[in-house]
2 protein chains.
Amino acid sequence: MLLAELISVGTELLMGEIVDSNAAYLAQELKNRGVFIQWKTIVGDNLERIVEAITRASKRSDIVILGGGLGPTDDDLTREGIAAVIGETPVIDEAYLEKLKAFFTARGRSYPESNNKQAWVIPSSEALENPVGTAPGWFVRVPNSSTVIVAMPGPPREMNKMWAEQVLPRLNLPSSGFYHRTFRTFAIGESHIAERLAALTQSANPSVATYARRDGVHVRVAASAATLEEARALAQPVEAQVQAALEGHIYGYDDESLAAIVGHLLVKRGETIATCESLTGGLLADELTNVSGSSRYVQGGAITYSNEAKIKMGVKAQTIAEHGAVSRETVLEMAVAARTQFGATWGVSTTGVAGPDISEGKPVGTLFVGIAGPNGAEAYALPTAGDRRTIKERAALNALGQLWKQLTEQVKA
Amino acid sequence: MLLAELISVGTELLMGEIVDSNAAYLAQELKNRGVFIQWKTIVGDNLERIVEAITRASKRSDIVILGGGLGPTDDDLTREGIAAVIGETPVIDEAYLEKLKAFFTARGRSYPESNNKQAWVIPSSEALENPVGTAPGWFVRVPNSSTVIVAMPGPPREMNKMWAEQVLPRLNLPSSGFYHRTFRTFAIGESHIAERLAALTQSANPSVATYARRDGVHVRVAASAATLEEARALAQPVEAQVQAALEGHIYGYDDESLAAIVGHLLVKRGETIATCESLTGGLLADELTNVSGSSRYVQGGAITYSNEAKIKMGVKAQTIAEHGAVSRETVLEMAVAARTQFGATWGVSTTGVAGPDISEGKPVGTLFVGIAGPNGAEAYALPTAGDRRTIKERAALNALGQLWKQLTEQVKA
C-alpha cells in the first residue's frame, strides 16, 4: 500500500488565521486511489523546521505533498527546504522565467525581479506550470529512492488544478478501489452503538468507525480493493450488519441531513409542516428552510417567546397558568396550534430552558417537544445539557427526530 | 520563550472530513500569553503513530496539547498514547467513575460499561472535569522533565471551556504583554476598509489586520510590549485612528455579535422586537434568541413561508397579487404586521429569493428587508449573492444591521 503525507507550510496556517481546505480535497483524492494518509504536519515559514518536516516525511512515506510556501517573498521557503533535503542547488530556469514575465505582461503588471525565485529548479525537479497564478509547482523524484516530493501552491484554485492536470498523471497511481458509506443515526449514543457493533469495529478492511457529531452519531463503513466494484462487494455484508444492528435509528446516509430527510418524507406523502417554537427561537424553522425546495412543504411557523405570543397563537392562558410555559401541556397545545393556525398536516413545537438561568424553577436543559399530526398530538420530555446554543441545537434535532420517527412508523404501520 | 505544540488526533480530521477549529482558538490563546507555536501535527486513530507524535513533541516543546481521541471507543487512543510515552499504566478513578455514571443518569441514559475508560487516570495525570460532555481531560506533568502534556476533548465547546477554566490556571503562564482589540464593522467591504486604513496596515507593532468574516469585516489592532499596560498604551493612538476612519460602520468590539449589540440597545431603551420572516425562514429569530437574556425583548416572530401565512399575519392579499411576495411593498407590510401582531416596539421582516431557483421571475439573491418602528416603516432593497445558506445568513445580518442603524441614528438625533 502506498503511503502519502501532507505538509502545509505557512505561519498563518499554523496560527489558525486561515483554514487549510486543501487537506480534505487531497485526502479524498488519494483515498479514492487507494493511497493511505498517515500524517499531516503544519509548519510555519521557517527553513529549519521545513527541512526537518520534509526529511522525516520522505523517510516514512512514498509521496510527500507540500502545500504553500511557493510565493516570491523571503518568507516563502518550500523550494529552499526541498533543495536542502535533496542536497541540490536551485538555478533559474530561463525558459520558465520568460513565461513568468509574459504572465505579468499579459495582466498589465510590471515584473518585479524579486519574483525570480519562482523560476527556480533543481536537477531532480520538474516545474509544474500554474495557469492561474505565478507560483509553479515542483515534482521531485528523490535520487536513489522511490519517494516523490510534490510542492504545490496554497490557494485551493491553483492547487486543485495543478493536482488534477499535472501531478496525478505523473504519479501514475493504480485505478480506484475505495468505497465508503456513512450511516446517520438518531437517539442512540456512541458507546451504545459501539457495543452493538463491537465485532465489526475490530476489522481493518472493511473498516467501521463511529463519529459523534452535532447532528447525532455517524457510522462509517469503508472498504478498499483493486476496483471500486470489489470494494463495494467487500463492504456490502458489513453494511447489512450495521443496518440490522442499528435498526430504527438510521435516518439517512452520507450527506443527508435530518431536515432534508424529513422534507423528503413530507414531499412523498404530499404533506406540510408548521412550527411553534419557544426554546429553539427560530432554529427549528431555520433548519427546515435550509433545505432547497422546502417552500413546497413549510407552511409557516411562529416563535412564541412570550406568554402573550403563545396565547395569541392558541395556547390557553389557563394551561400556562396551571402548568407553566415550560410544560408537557403547553408544548402539546403549541403543536396543535401550529398545525391549526397554519393549516399544515404536522405541527411541531418546542419549549424548555435554554439558560443560562433557570426558568419557572425548572433547570437549564429542560426540553419538551410536541408533535401534532392527523392522528392526534404527543408530547415528549427530552432533557438535555450544554450551553445555550448547544441546547437549542439539540432541541431542534430532537424535534426533527421525533417527527421523523412518527413519519417512518406510520409508513410501517 | 515557551514553546507549545498541537497534536490533533482523529482519522476524520486527517481525512479532512471535519475541520479542526480548535487550532485557531488555541493559537490565539497561546500567542496572547507569549507562548510560541512551532508545530501542528494531525495523526489518525493509530496508537503507534500517536505515541510517535507525542514522543517527538515532548522532546522539542514545553507544552504539548492534544485534542481528540478521548471518546469511549476502541478508536479513542489518546490516553493509551500518553500512558505509553510516560511508561505508566492507566487505572480507573472510582470517584470519577461515579461522576460519569451520574452524568448518564441525569440525562436518563443507561451507563454502558464500555465507557469505563473515560474514568482512567495515570499517576502523573490529573483528570480535568468536563461539565458539558463525558470525556474528561488529562493534565500530565511528565516525570523528571519540565514538559507538560495536556489532553482535551475535540468538540470545541468542551475544549474551550476546559482550556479556560482548568488548563490555563494550571499552566501558570507569565503575565501577558499582548493587547488586541477587534472592531466589527457593517456595510463596508474589505478593500474599502483597506483603502481607509492604508498607512496603518504597514506597521508591524501595533499591527492592523482585516479579516472578511461571515458577519462582516473585522479589523484587528494588536500590540506587544513587556506588560499588558504598555501594549495597551502602544495600541491606543492606532485604535483612535481606526475608530475615526470607520466612523458609522463599527457596531461592536471583540466577541460582540450584531444580535447581542441590538439586544443591548433594546434593553437600554426598554423596547421589544418581533420578526416576520420569509427568506430567512427563522434564522433572524434564531440569531436574536442566541443571546442570553433575549426573552426580555424578543416578543415573538412569524415564519411566513407561504402566501396564506403572510396574509394571515396581516399582509394584504392585494399587495401580494399586485407586487409579488418578493417585493418592497410586501416586506413593508410584513414588518408592520410583526410589530402590530406581537405588540412590539420594532417589527423586522425579510423576503427574497434564497435559491437555488428563481421566484416570481426575480433572481436568486434578491432581498428586501423591512423595519417598522415607532416613527413609521421603511423597506430596503439589498441584493446579495451566494448559495442558499449564505444568502440566508447575509439577509439576517442585513436585517439586524438596518435595525442597528436605526437604533443608533435615533440615539444621535
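What you see is a predicted model, and the numbers here were worked out from it, not measured in a lab.

**What about the overall build of chain A?**
When its secondary structure is counted, chain A shows 14 helices and 17 strands. For a compact globule of 413 residues, the expected C-alpha radius of gyration is about 22 Å, and chain A comes in at 28 Å, more than 25% above that figure. On the principal axes, the C-alpha backbone points of chain A span a range of 85 × 50 × 40 Å. The long-range fraction of contacts in chain A, counting pairs at least 24 apart against all pairs at least 6 apart in sequence, stands at 66%.

**Notes on the pairing of strand β2 (residues 36–43) of chain B**
For β2(B), the tally of buried residues reaches 6 of 8 residues, placing the bulk of the element in the interior. Sheet topology note: the strand β2 (residues 36–43) of chain A/β2(B) ladder contains 5 bridges and is antiparallel. Looking across to β2(B), one finds that A:I42 is bridged to B:K40. Judged from the 7 bridges that link them, strand β1 (residues 3–9) of chain B and β2(B) form a sheet pairing that is parallel. Following the sheet pairing, B:L3 is matched in β2(B) by B:F36.

**Re the sheet that holds strand β7 (residues 137–141) of chain A**
Spatially, the 12 strands line up as an open sheet ordered β6(A)-β7(A)-β8(A)-β3(A)-β1(A)-β2(A)-β2(B)-β1(B)-β3(B)-β8(B)-β7(B)-β6(B), and their pairing is mixed. On the outer flanks of this sheet lie β6 (125–128) of chain A together with β6 (125–128) of chain B, each paired with one strand and no other. Taken pair by pair, the neighbouring strands of this sheet meet at an average axis angle of 15 degrees, ignoring direction. When β7(A) meets strand β8 (residues 148–152) of chain A, the two strands line up antiparallel, connected through 4 bridges. Note that in β8(A) the partner of A:F139 across the bridge is A:V150. Along the sheet face, helix α3 (residues 47–60) of chain A touches β1 (3–9), β2, β3 (63–67) and β8 of chain A together with β2 of chain B and points at about 175 degrees away from the line of β1(A).

**Things to note about the packing of helix α2 (residues 22–31) of chain B against helix α6 (residues 156–171) of chain B**
All names here are of chain B. Remark: α2 packs on α6, axes separated minimally by 10 Å, with the N-to-C direction vectors making an angle of 15 degrees. One way to sum up the angle between α2 and α6 is to call them roughly parallel. In this structure, α2 crosses over α6, and the sense of that crossing is right-handed. Every residue of α6 that contacts α2 at N22, Y25 and E29 is listed here: P156, M159, N160 and W163. Its residues assigned to classes, the contact of α2 with α6 shows 4 nonpolar, 2 polar and 1 charged.

**What about the sheet that holds strand β11 (residues 216–224) of chain B?**
Strands in a sheet are paired, the pairing made by backbone hydrogen bonds, and the direction either parallel or antiparallel. Residue and element names in this part refer to chain B. The strand order across the open sheet built from 4 strands is β10-β11-β9-β12, with neighbouring strands paired in antiparallel fashion. At either margin of the open sheet sits one strand with a lone partner, and together these are β10 (207–213) and β12 (250–253). Across the sheet, the mean angle from the axis of one strand to that of its neighbour is 25 degrees, orientation sign disregarded. The pairing of strand β9 (residues 178–185) with β12 spans 3 bridges and is antiparallel. In the strand pairing of β12, T185 is matched with I250. Of the strands in this sheet, β9, β10 and β11 are in contact with helix α7 (residues 190–197), which crosses β10 at around 165 degrees.

**Topic: the domain arrangement of chain A**
The extent of an interface is frequently quoted as the accessible surface area lost upon association of the parts. All names here are of chain A. When cut into domains, chain A gives domain 1 (3–171), domain 2 (178–253) and domain 3 (258–412). The centre of domain 2, based on its C-alpha atoms, is set 31 Å off from the matching centre of domain 3. In this complex, domain 2 contributes 7 residues to the contact, which on the side of domain 3 involves 6 residues. Its residues assigned to classes, the side of domain 2 that touches domain 3 shows 3 nonpolar, 2 polar and 2 charged.

**Some thoughts on the interface of chain A and chain B**
Chain A puts 59 residues into the contact, and the matching count from chain B is 58 residues. Elements represented by at least two residues in the side of chain A that touches chain B include exactly α2 (22–31), β2, α7 (190–196), β10 (207–213), α10 (283–289), β14 (298–303), α11 (307–313) and α14 (388–412) of chain A. Tallying contributions element by element places β2(A) first for the side of chain A that touches chain B, with 7 residues. Of the residues that constitute the side of chain A that touches chain B, the class distribution is 26 nonpolar, 23 polar and 10 charged. Of the pairings in the sheet, the one linking β14(A) to strand β14 (residues 298–303) of chain B comprises 3 bridges and is antiparallel in character. If you follow A:G301 over to β14(B), its bridge partner there is B:I303.

**Let's talk about the pairing of strand β16 (residues 367–373) of chain A**
Residue and element names in this part refer to chain A. Within β16, 7 of the 7 residues are buried, leaving the element largely enclosed by the surrounding structure. Burial of β16 is two-sided: the residues L367, V369, I371 and G373 facing one way and the residues F368, G370 and A372 facing the other way are all buried. Here β16 runs beside strand β17 (residues 376–381); their pairing, made up of 6 bridges, is antiparallel. Each residue of the ladder has a partner; that of F368, found in β17, is A381.

**Section: the environment of B:P363**
All names here are of chain B. On the secondary structure map, P363 appears in the loop between β15 (346–352) and β16 (367–373). Classification of P363 as exposed rests on a count of 12 C-beta atoms within 10 Å. Not counting chain neighbours up to four residues away, the residues in contact with P363 comprise V353 and I358.

**Looking at the confidence of the model for chain A**
With 99% of its residues at a pLDDT of at least 70, chain A reaches an overall mean of 91. Reported confidences for the modelled complex are a pTM of 0.77 and an ipTM of 0.77.

**Side note on the environment of A:G133**
Residue and element names in this part refer to chain A. Looking at the secondary structure, you find G133 in the loop between β6 and β7. Under the C-beta neighbour-count criterion, G133 is labelled partly exposed, with 18 such atoms within 10 Å. Separated by 62 residues in sequence, G133 and G71 place their C-alpha atoms 9.9 Å apart. When sequence neighbours within four positions are dropped, the list of residues in contact with G133 reads P153, P155 and E158.

**What to know about the nonpolar core**
Grouped together as the largest cluster of nonpolar side chains are 107 residues, with contacts concentrated most on A:A338, B:A335 and B:A338. When neighbours within four sequence positions are excluded, A:A338 is seen to be in contact with A:A274, A:T275, A:C276, A:G301, A:A302, A:A344, A:G347, A:V348, A:S349 and A:A372. In terms of nonpolar packing, the next biggest core, distinct from the first, is built from 85 residues, A:V140, A:A151, B:M159 and B:W163 among them.

**As for unusual backbone geometry**
A cis amide bond links A:G355 to the next residue, A:P356, at an omega of 10 degrees. Tracing the chain through its elements places A:P356 in the loop between β15 (346–352) and β16. Even without glycine at this site, B:N144 takes up a positive phi of about 55 degrees. Here B:N144 shows up in the loop between β7 (137–141) and β8 (148–152).

**Examining the packing of α3(A) against helix α4 (residues 78–86) of chain A**
How two helices sit against one another is set out by the angle between their axes and by the gap between those axes. All names here are of chain A. Closest axis-to-axis distance for the α3/α4 pair is 9 Å, and the angle between their directions is 55 degrees. When the axes of α3 and α4 are compared, the pair comes out oblique. For α3 against α4, the interelement crossing comes out right-handed. Residue-level inspection shows L47, I50, V51, I54, T55 and S58 of α3 in contact with α4, the latter providing T78, E80, G81, I82, A84 and V85. Considered class by class, the residues forming the contact of α3 with α4 number 7 nonpolar, 4 polar and 1 charged.

**Topic: helix α13 (residues 328–342) of chain A**
Residue and element names in this part refer to chain A. Along its 15 residues, α13 runs 21 Å from first to last C-alpha, staying within 8% of the 21 Å computed at 1.5 Å per residue. Judged by how many residues are buried, α13 sits mostly within the fold: 11 of 15 residues are covered. Along α13, the residues classified as buried are T330, V331, L332, E333, M334, A335, A337, A338, R339, Q341 and F342. Trailing α13 by a residue or two, G343 shows a phi angle of about 60 degrees, which is positive.

The rules we used
- Numbering of residues starts from 1 in every chain and runs along the sequence as written.
- Chains carry letters from A onward and ligands carry numbers from 1 onward, assigned in written order.
- Whole-chain, interface and lining totals are the exception, using all residues; otherwise, since this is a predicted model, local features are given only for residues with pLDDT of at least 70 and side-chain atom pairs are given and counted only at 80 or more.
- By definition, any uninterrupted DSSP run of H or I lasting at least four residues is a helix, any uninterrupted run of E lasting at least two residues is a strand, and each is numbered from the N terminus.
- Only C-alpha atoms enter the radius of gyration, while the globule expectation follows 2.2 Å times N to the 0.38, with N the number of residues.
- With C-beta atoms placed from the backbone, a contact is any residue pair whose C-beta atoms sit within 7 Å.
- Partly exposed residues are those whose C-beta has more than 12 but fewer than 20 other C-beta atoms within 10 Å; 20 or more makes a residue buried and 12 or fewer makes it exposed, with C-beta atoms placed from the backbone.
- Pairing between two strands is assigned when DSSP locates at least 2 bridges connecting them.
- Fitted lines through C-alpha atoms serve as axes, helices being fitted only where they are in contact, and the angles separating the N-to-C directions of these axes extend from 0 to 180 degrees.
- Here is the rule for angles: anything less than 35 degrees is roughly parallel, anything more than 145 is roughly antiparallel, 65 through 115 is roughly perpendicular, and the remaining ranges are oblique.
- Definitions for this section: a left-handed crossing has its near helix turned counterclockwise from the far helix by less than a right angle. A right-handed crossing has that turn clockwise.
- Side-chain classes are defined by residue name, with Ala, Val, Leu, Ile, Met, Phe, Trp, Tyr, Cys and Pro counting as nonpolar, Asp, Glu, Lys and Arg as charged, and the others, Gly among them, as polar.
- All domain edges in this entry derive from an automatic or database-based domain assignment.
- The predictor reports its confidence for every residue as pLDDT, a score running from 0 up to 100.
- Among buried residues, those of type Ala, Val, Leu, Ile, Met, Phe, Trp, Tyr and Cys that are joined through C-beta atoms within 7 Å form a set called a nonpolar core.
- The span expected for a helix works out to 1.5 Å for each residue beyond the first.

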